[in-house]
Amino acid sequence: MMGRASAYLLPRLEGWIPALATPFRPGDGELDEAALARLAERCVTRGASAVVVCGSTGEAAAMTPVEQARALRVVSEAVGHRAGVIAGVGGGCTQAAVELAATAARGGATGLLCAAPPYIRPSQDGIRAHVRAVAAVSGLPLVLYDVPSRTGVAIADETVASLRDGGLVQAFKDATADIGRPARLRRLCGADFPQLSGDDATAVPHLLAGGAGCISVAANLLPALCTAQYRAWAARDAGMLAALHQSLSPLHEALFTESNPVPLKAGLESLRLCDGRPRLPLIRARVETRMVLERLLGTLLPQEELLAARPEDMPFPASRPVHPGAEARPGKLH
């Protein structure tokens, strides 16, 4: 029997989709709605087909359900008419996730990102029951999210396939960095089942193995450069794809030298996009982390701005590699 979610259209899920950070005001620590709207707008304007609100990168675990609903409303009003808005429903138990899903359905979400509840470590049957309950209450398409480093339990390939076959999930986010998995799941779920990497560092190999893109931390900072990776792949420009991946790899490494989203928020602050403080128990990034991010962003930002100004020029010829210090010419990425 098909799940209720199958009656709804899935947002276009391809390319690099930012898992949005949630900005908080520097004075009182409350949700900074203006900064969040600007961040979402910048990402969509620079090529994102969708954004994720209140995922783990968005510090949803440190937010109240009311704050999560406000964040979703802000993003939906800012970009929902132009891009998919996927709401994280990472509640600490099924009932909490169900309530978040119902609120998201009323608040403008076009899809949900659903992981196993953290800490509890349910069985595979328990994961299926959890997803079934979330799907039933919202009616929205579900992106199943496997992130065992946070939940403490992995989702088996067979569980993904059974949820897909039951019409309960319409896409998959994989944060395991298992590059062999896209091929396995294509055999089980079909080539039309979108698989998105949840790991920036291995997103390009995942794409080449059969993925559809990445739900990305780095795309908060450099959405145009991240999108350029997907466009190079779509244009079968292996040289440009490799050059972009190599250029961005040091940033990917730097973004996970401390707990996500601590380095990301430091990077956003260096770009003057929002305040860099996360909520406790997370604290500001170390000075060393901030210095590395400032250096890397200083090198990459000119290329980001060039692409943002001339997005019609993507994809680019493979003969023009990305490398620090190259002279920029209008309309071309060097």
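In this text the structure is predicted, and so the values were computed from the model without any measurement.

Caption draft 1: Region of interest: the packing of aromatic side chains. According to the stated counting rule, one finds one aromatic pair in the structure shown. With 5.3 Å between their ring centres and 35° between their planes, Y230 and W233 make a pair best called tilted. Of this pair, Y230 and W233 are both found in helix α9 (residues 223-234), three residues apart, which corresponds to roughly one turn of the helix. Residue classification places Y230 among the buried positions, given a relative accessible area of 14%. Cation over ring: K173 sits above Y145, and NZ or CZ is 4.0 Å from the ring centre.

Caption draft 2: Just the UniProt feature "site: Part of a proton relay during catalysis" (unreviewed entry) in the chain, in detail. As annotated in UniProt, the feature "site: Part of a proton relay during catalysis" (unreviewed entry) corresponds to S56 and Y119 in the numbering used here. In three dimensions, the annotated residues from a span of 64 residues occupy one location, with a maximal C-alpha spread of 14.2 Å. Along the chain, the position of S56 falls in the loop between β2 (50-53) and α2 (65-79). By relative accessible area, S56 is classed as partly exposed at 23%. Once residues lying within four places of it in the same chain are set aside, the contact partners of S56 are Y145, R150 and P261. Within the secondary structure layout, Y119 lies in the loop between β4 (111-115) and α4 (124-138). By relative accessible area, Y119 is classed as exposed at 76%.

Caption draft 3: Here's a closer look at helix α6 (residues 157-165). Taken together, the buried positions of α6 are D157, T159, V160, A161 and L163. Following α6 by one or two positions, G167 adopts a phi angle in the positive range, close to 75°.

Caption draft 4: Structural context of the UniProt feature "active site" (unreviewed entry) in the chain. Residues given the UniProt feature "active site" (unreviewed entry) here are Y145 and K173. Sequence-wise these annotated residues cover 29 residues; spatially they are packed, their C-alpha atoms never more than 4.7 Å apart. Mapped onto the elements, Y145 comes out in strand β5 (residues 142-146). Structurally, the position occupied by K173 is in strand β6 (residues 171-174). A residue is classified by how much of its surface remains accessible, and K173, at 5% relative accessible area, is buried. In contact with K173, other than residues within four places in its own chain, are L113, V143, L144, Y145, D146, L196, S197, G198 and I215.

Caption draft 5: Structural detail: unusual backbone geometry. Each neighbour pair has its own omega, and for N260 with P261 the value is 10°, a cis peptide bond. Within the secondary structure, P261 sits in the loop between α10 (238-254) and α11 (262-270). That bond from L280 to P281 is cis: its omega, 15°, falls within 30 degrees of zero. By secondary structure assignment, the location of P281 is in the loop between α11 and α12 (287-309). Phi is positive for E59, close to 60°, though the residue is something other than glycine. Along the chain, E59 turns up in the loop between β2 and α2. Classification of E59 by relative accessible area gives buried; the value is 5%. Positive phi values are uncommon outside glycine, yet R121 reaches one of about 55°.

So, how was this worked out
- Residues numbered from 1 in each chain as written.
- Predicted model: local features only at pLDDT ≥ 70, side-chain atom pairs only at ≥ 80, totals over all residues.
- Heavy atoms only, no water.
- Phe/Tyr/Trp six-rings, centres within 6.5 Å; stacked < 30°, edge-to-face > 60°.
- Helix = DSSP H or I, 4+ residues; strand = E, 2+ residues; numbered from the N terminus.
- Buried < 20%, exposed > 50% of the residue type's maximum accessible area, 1.4 Å probe, protein only.
- Lys NZ or Arg CZ within 6 Å of the ring centre and 35° of its normal.
- UniProt positions renumbered as here; feature names shortened; annotations may be inferred.
- Contact = heavy atoms within 4.5 Å.

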